[in-house]
Amino acid sequence: MSTDTNILRTPPAPVRAAPLEDARRQLAEAVSHLGLSEGTYRLLAHPRREVTVSVPLRLDNGDVELYIGHRVQHNFSRGPAKGGLRYAPTVDLDEVRALAMWMTWKSALLDVPYGGAKGGIAIQPRDHSRAELERLTRRYTSEILPVIGPERDIPAPDVGTDESTMAWIMDTYSVNSGYTVPGVVTGKPLELGGSLGRASATSRGVTHIALAALQHAGIARRGARVAVQGMGKVGRDAARFLAEAGLRVIAVSDQYGAVHHDGGLDIAAVVRHLDVTGSVVGAPGSDELEREALLELDVELLVPAALEGAIHEGNAHRVQARVVVEGANGPTTTAADQVLADHGVLVVPDILANAGGVIVSYFEWVQSNQTYWWSADEVESRLEARMLSAWEQVVRFAADRRLSLRAAATALAVGRVAEAHRLRGLYP
Ligand SMILES: NC(=O)c1ccc[n+]([C@@H]2O[C@H](COP(=O)([O-])OP(=O)(O)OC[C@H]3O[C@@H](n4cnc5c(N)ncnc54)[C@H](O)[C@@H]3O)[C@@H](O)[C@H]2O)c1
């Protein structure tokens, strides 16, 4: 058993700005633009359901550590709640609330029949063995068991979690149900009913949107310079797909630092180095760059694909990119958004740019529920069609209403959710 101080150790305090304030401000703008009521704002500014749980973990050395987990279901008026599960030391309830709200807008914008949710545990997964992460995941799952399920709330991977995490959730849920329930999570391993194309779906979607946005901005794709912040599940495949599409990825970063090569990085070599060493730093054919300097490089396209608040009031005026495509959720603060708009930077918002994940999650859920599997080509062509259709709707709405792409995307999504509420009526 651990010492008292160990038991009482609290997770590190969050270091970032307030994503929930930004999310609520975006909602308020959409409500006002659409002429919806104050009551509608209040209804949508607060999550429908929140669960906070203690997650005691027996460490490999026998000590017991306590972690705090959350699952927030922002809205389920259009279908089951849907959203990722994050393991990071910076997780707190307000962050999870913001991420859950953005999931509601994303599902509505892409017209998938889901609401929005998010989960998180305040833990540094790097500091734990695989066996510890499995026990943590199973205990967290059993604590939130009553509120999840294929018709209630369907988790998926996010920062610090992966397909193994989803396999453990599915197994824990299934053992407790007495039969196998593949539809309780998405982002599962293929062998357990995962979908072809799910692992790289967010990155594919980012790439489709980035190419459309460059064209919209009148920038030739061939040789266009790109910087990608974050080389995790989203960033690494986005860098690869963008390079394959003829762009020149000149810089990438992770939490340890950034690397740069003016002539274009060899992304396959960078990823091999990352897999072996755990970081992009020192990748062959690259110079080292200060981590945050990546955001300020002279590039045509910047893809922030790490965490919230990367582009903020303090650095936004130094961003030189002409187009920013948000691979991450909430990487641009509201204050930074205004600075980028004043500088003529085209910002494609997260709820559109990184929606490829929720689209193919929806395809996976449909396939799981029907026990019928689609080919990779089918998945990818349906993903591309949905992404580009949403892009066109947002661009048209923004032009008609003289809104930024973020304001347009949020208003379109909020309008659909508000309409679902109106049609269903208020119980009792
Ligand atoms: N995984 C998905 O399908 C998905 C879908 C939609 C949105 N997102 C969002 O995309 C973002 C990344 O998610 P992920 O699944 O790739 O997570 P991940 O844990 O796989 O990767 C995160 C990456 O960010 C890096 N990073 C952290 N802090 C950094 C910093 N200050 N500077 C540079 N790099 C930093 C990490 O080193 C890592 O490479 C998150 O905002 C997530 O919510 C993910």
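Residues numbered from 1 in each chain as written. Predicted model: local features only at pLDDT ≥ 70, side-chain atom pairs only at ≥ 80, totals over all residues.

In the annotation of an unreviewed UniProt entry, the entry for the protein chain reads Glutamate dehydrogenase, and the organism field reads Kineococcus aurantiacus.

J.: Before we go on, may I ask you to explain the overall build of the protein chain in this structure?
T.: The secondary structure content of the protein chain amounts to 14 helices and twelve strands. Relative to the 2.2 N^0.38 estimate, which gives 22 Å for 428 residues, the radius of gyration of the protein chain is 21 Å and therefore close to what a compact globule would have. Seen through its C-alpha atoms, the protein chain measures out along the principal axes to roughly 55 × 55 × 45 Å. Residue burial in the protein chain is summarised as follows: out of 428 residues, 51% are buried. For the protein chain, the proportion of contacts with a sequence separation of at least 24, taken over those separated by at least 6, is 68%. (Helix = DSSP H or I, 4+ residues; strand = E, 2+ residues; numbered from the N terminus. Rg over C-alpha atoms; globule rule 2.2 N^0.38 Å. Buried ≥ 20, exposed ≤ 12 C-beta atoms within 10 Å, placed from the backbone. Contact = placed C-beta atoms within 7 Å.)

J.: Help me understand the UniProt feature "site: Important for catalysis" (unreviewed entry) in the protein chain in this model?
T.: Residues annotated in UniProt with the feature "site: Important for catalysis" (unreviewed entry) correspond here to Asp-158. One can find Asp-158 in the loop between strand 5 (153-157) and helix 6 (163-177). (UniProt positions renumbered as here; feature names shortened; annotations may be inferred.)

J.: Looking at this structure, how should I read the UniProt feature "binding site: substrate" (unreviewed entry) in the protein chain?
T.: As recorded in UniProt, the sites labelled "binding site: substrate" (unreviewed entry) are Lys-82, Lys-106 and Ser-361. Considering the C-alpha atoms alone, the annotated residues occupy 280 residues of sequence yet fold into one spot, their largest mutual distance being 12.5 Å. Position of Lys-82 among the secondary structure elements: in strand 3 (residues 81-88). Take Lys-82: there are 28 C-beta atoms within 10 Å of it, and that puts it in the buried class. Discounting residues that sit within four places of it in the chain, Lys-82 has contacts with Met-103, Ser-107, Tyr-114, Gly-115, Gly-116, Ala-117, Ile-154, Val-358 and Ser-361. Topologically, Lys-106 is positioned in helix 4 (residues 93-109).

J.: Explain the domain arrangement of the protein chain to me, please; I cannot follow it from the model alone.
T.: Many structure descriptions define interface size as the accessible area lost when the parts assemble. If you check the domain split of the protein chain, you get domain 1 (4-26 + 48-183) and domain 2 (201-348). Relative to domain 2, the C-alpha centre of domain 1 lies at a distance of 27 Å. Residue-level contacts link ten residues of domain 1 with ten residues of domain 2. Going through the elements one at a time, helix 2 (19-34) and helix 4 are the ones with two or more residues in the side of domain 1 that touches domain 2. Each residue belonging to the side of domain 1 that touches domain 2 can be placed in one class, and the counts come to seven nonpolar, no polar and three charged. (Domains from an automatic or database assignment. Nonpolar A, V, L, I, M, F, W, Y, C, P; charged D, E, K, R; others polar.)

J.: Can you help me understand the sheet that holds strand 3 in this one?
T.: Reading across the sheet, the five strands line up as 1-2-4-3-5 and stay open at both edges, with mixed pairing between neighbours. At either end of the open sheet lies a strand with only one pairing partner, and these are strand 1 (49-58) and strand 5. Pairs of neighbouring strands in the sheet enclose a mean axial angle of 20 degrees, with direction left out of account. Two strands pair when backbone bridges link them, and strand 1 and strand 2 (residues 64-75) are joined in this way by ten bridges, in the antiparallel orientation. Residue pairing across strands places Val-55 opposite Tyr-67, the latter belonging to strand 2. With respect to the sheet, helix 6 is in contact with strand 3 and strand 5, its orientation differing from that of strand 5 by roughly 150 degrees. (Pairing = 2+ DSSP bridges. Axes fitted to C-alpha atoms, helices over the stretch in contact; angles between N-to-C directions.)

J.: Can you walk me through the site of the ligand in this structure?
T.: Lining the immediate environment of the ligand, one finds 24 residues, of which Gly-230, Gly-232, Asp-254, Ala-328 and Gly-357 sit closest. Those elements that place two or more of their residues in the shell around the ligand are helix 8 (233-244) and strand 7 (248-254). Looking at which element gives the most residues to the shell around the ligand, the answer is helix 8, with three residues. Residue composition of the shell around the ligand, by class: eight nonpolar, twelve polar and four charged. (Near = placed C-beta within 6 Å.)

J.: What is the right way to look at the pairing of strand 7 in this model?
T.: A regular strand places its side chains on the two faces of the sheet in alternate fashion. Within strand 7, six of the seven residues are buried, which leaves it mostly tucked inside the rest of the structure. For strand 6 (residues 225-229) and strand 7, the ladder comprises five bridges, and the chain directions are parallel. The residue of strand 7 that forms the bridge with Val-228 is Val-252. Between the parallel elements strand 6 and strand 7, the chain passes through helix 8 in a crossover that is right-handed. Note that strand 7 and strand 8 (residues 257-260) share four bridges and pair antiparallel. Bridge pairing in strand 8 links Val-252 to Val-259. Here strand 7 folds back onto strand 8, and the loop between the two strands holds two residues. (Right-handed = clockwise from strand over helix to strand, strands pointing away.)

J.: What exactly am I supposed to notice about the environment of Val-379 here?
T.: Here Val-379 is to be found in helix 13 (residues 376-401). Linking Val-379 and Gly-197, residues 182 residues apart in sequence, is a C-alpha distance of 6.5 Å. If we skip the residues at most four places from it in the chain, Val-379 touches Ser-195, Leu-196, Gly-197, Val-360, Phe-363 and Trp-374.

J.: Would you explain the sheet that holds strand 11 (residues 323-325) in this entry?
T.: In any sheet, the strands associate via hydrogen bonds between backbone groups, in a parallel or an antiparallel arrangement. The seven strands lie next to each other as 9-8-7-6-10-11-12, forming an open sheet whose pairing is mixed. With partners counted over all chains shown, the strands left at the sheet margins are strand 9 (287-289) and strand 12 (346-348), one partner each. Going from strand to strand, the sheet's axes swing by 20 degrees on average, the running direction of each strand aside. Set on the sheet, helix 8 makes contact with strand 6, strand 7 and strand 10 (301-304); between it and strand 7 the angle comes to about 175 degrees.

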